[in-house]
Amino acid sequence: MTTILACLFCTLFLISCSDELIPRKEVPLDSQQQSMKHPLKQRDDTLMMPLATNNAWFFDIAYQDIATGTFLQPNAEFPFPQGDTLYVHGSTMLDSNPCSLIRTSASPKGGTWYTVRAKGIYSWPQDPDDTTEIPVFSLTYKYPADKGETYTSNGVKVEVRDTAALISVPAGSFPCYYYVSFSKAPGNVMFENHVWLSKGIGMVKNEAIMHQKDIAPVRRIVTLRRFVHGNEQKQ
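Here the residue numbers are simple positions, counted from 1 along each chain's written sequence. The predicted nature of this model means local features are confined to residues of pLDDT at least 70 and side-chain atom pairs, given and counted, to a pLDDT of 80 or more, with totals for whole chains, interfaces and linings taken over all residues. The side-chain values count all of the structure's non-hydrogen atoms but skip hydrogen atoms and water molecules.

## What about the environment of serine 105?
The secondary structure listing takes helices from DSSP runs of H or I that are at least 4 residues long and strands from runs of E that are at least 2 residues long, numbered from the N terminus. Along the chain, the position of serine 105 falls in the loop between strand E3 (97-104) and strand E4 (111-117). Residue burial is assigned from relative accessible area. The probe radius is 1.4 Å, only protein chains are included, and a residue is buried under 20% of its type maximum, exposed over 50%, and partly exposed in between. Exposure remark for serine 105: the relative accessible area of 38% places this residue in the partly exposed category. Taking C-alpha positions, serine 105 is 6.3 Å from leucine 86, a pair spaced 19 residues apart along the chain.

Put into structure tokens, the structure is as follows:
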């Protein structure tokens with residue numbers, strides 16, 4: 001049980017323990033970046049993932065035993081986090097496109113770069129220990145898309161299960177695009193991932209399951225508790 005919980009934890013988000021507003025950040029830029037205007041400064045509620053600097057998402061996290069439906073509680077063996085915070089650290093130009101870096105409040109380095117292109121939302125997970133790595137973006141969430149449409153994201157088949165799913169979470173009820181993917185890992189492991197995104201909000205809910213022979217599967221459920229647009233934070 002400890003192994004499967006740890007794997008699910010590592011595949012998605014890191015711990016955050018606060019519902020405080022993320023402090024406004026002055027992102028250090030090199031000389032080329034300093035000559036650019038902020039590419040994603042203005043609010044845009046039409047985006048499936050709003051990427052303005054200082055946007056912040058506060059999430060609740062729960063683990064559920066699929067066989068019994070019982071929700072697990074943190075313990076000494078695995079004190080898993082019950083909350084997480086993501087925020088847009090800053091934005092710049094990569095691959096000639098405006099891109100934003102999303103981090104967790106617990107991690108001062110690395111993160112994932114996101115950019116909006118014609119086919120949808122592309123991403124590149126940056127290695128925090130390799131500052132010379134060349135960005136390679138892949139289509140993560142196709143948008144617009146049709147219900148039942150499939151596409152490939154970094155070698156993984158993704159299905160657009162719905163384009164108008166109404167999802168209720170602590171932050172409210174939202175119409176969402178619903179994405180489902182299955183990916184293989186060493187050791188005869190299969191990861192099942194469900195993501196719901198809403199216009200102007202971003203991720204509303206995520207469910208992840210690791211399937212492995214002879215190990216009871218556990219569902220990791222991440223739900224949005226609060227979203228704060230960077231422009232709404234206190235000056």
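## Side note on the packing of aromatic side chains
For any pair of aromatic rings, the description rests on two quantities: the centre-to-centre distance and the angle between the ring planes. We call Phe, Tyr and Trp rings a pair once their centres come within 6.5 Å, taking the six-membered ring for Trp, and we label the pair stacked below 30 degrees between planes, edge-to-face above 60, and tilted otherwise. Counted according to the given criterion, the structure contains 7 aromatic pairs. With centroids separated by 5.4 Å and ring planes inclined at 35°, the aromatic side chains of tryptophan 57 and phenylalanine 227 adopt a geometry described as tilted. You can see tryptophan 57 sitting in strand E1 (residues 56-65) and its partner phenylalanine 227 sitting in strand E12 (residues 218-228), a full 170 residues away along the chain. Here tryptophan 57 falls in the buried class, since its relative accessible area comes to 4%. Take phenylalanine 227: its relative accessible area is 15%, and that puts it in the buried class. A network of ring pairs unites the aromatic residues Tyr141, Tyr143, Tyr177 and Tyr179 as a single cluster. Across the ring face of tyrosine 122, the terminal group of arginine 117 is positioned such that the distance to the ring centre comes to 5.1 Å. Note on criteria: charge over ring means Lys NZ or Arg CZ within 6 Å of the ring centre, with the direction from the centre no more than 35 degrees off the ring normal. The ring of tryptophan 196 carries lysine 205 above its face, with NZ or CZ at 5.4 Å from the centroid.

## Overview of the confidence of the model for the protein
Looking at the protein, the pLDDT average stands at 80 and 79% of residues meet or exceed 70. On a range of 0 to 100, pLDDT expresses the predictor's confidence in each residue. The secondary structure element of the protein with the lowest average pLDDT is helix H2 (residues 31-34), at 33, and the one with the highest is strand E8 (residues 156-169), at 97. Any pair of residues with heavy atoms lying within 4.5 Å of one another is described as a contacting pair. Considering only residues more than four positions removed or in separate chains, one finds that residues 2-43, a stretch of pLDDT under 50, has 100 contacts.

## Structural notes on unusual backbone geometry
Here the amide bond leading from tyrosine 143 into proline 144 is cis, since omega sits at -5°, within 30 degrees of zero. Of note, proline 144 is situated in the loop between strand E6 (138-142) and strand E7 (150-153). Positive phi is not limited to glycine here, since aspartate 214 has a value of about 70°. Tracing the backbone shows aspartate 214 in the loop between strand E11 (202-212) and E12. The class for aspartate 214 is exposed, based on a relative accessible area of 76%.

## Notes on the pattern of salt bridges
Take a side-chain nitrogen of Lys or Arg and a carboxyl oxygen of Asp or Glu: if they are within 4 Å of each other, that pair is a salt bridge. Under the defined criterion, the tally for this structure stands at 5 salt bridges. In this structure, aspartate 60 engages arginine 225 in a salt bridge whose closest nitrogen and oxygen atoms are separated by 2.7 Å. Taken as a pair, aspartate 60 in strand E1 and arginine 225 in strand E12 lie far apart in primary sequence, 165 residues in all. Residue classification places aspartate 60 among the partly exposed positions, given a relative accessible area of 25%.

## Looking at the nonpolar core
Of all hydrophobic cores here, the largest spans 47 residues; its most connected members are Trp57, Ile102, Tyr141, Tyr179 and Leu197. If you tally residues by element for this core, the top one is strand E9 (residues 172-185), at 6 residues. For tyrosine 179, the residues in contact, after removing those within four places along its chain, are Tyr141, Lys142, Tyr143, Tyr151, Val158, Glu159, Val160, Asn193, His194, Val195 and Leu197. To form a nonpolar core, buried Ala, Val, Leu, Ile, Met, Phe, Trp, Tyr and Cys residues must be joined to one another through side-chain atoms within 4.5 Å.

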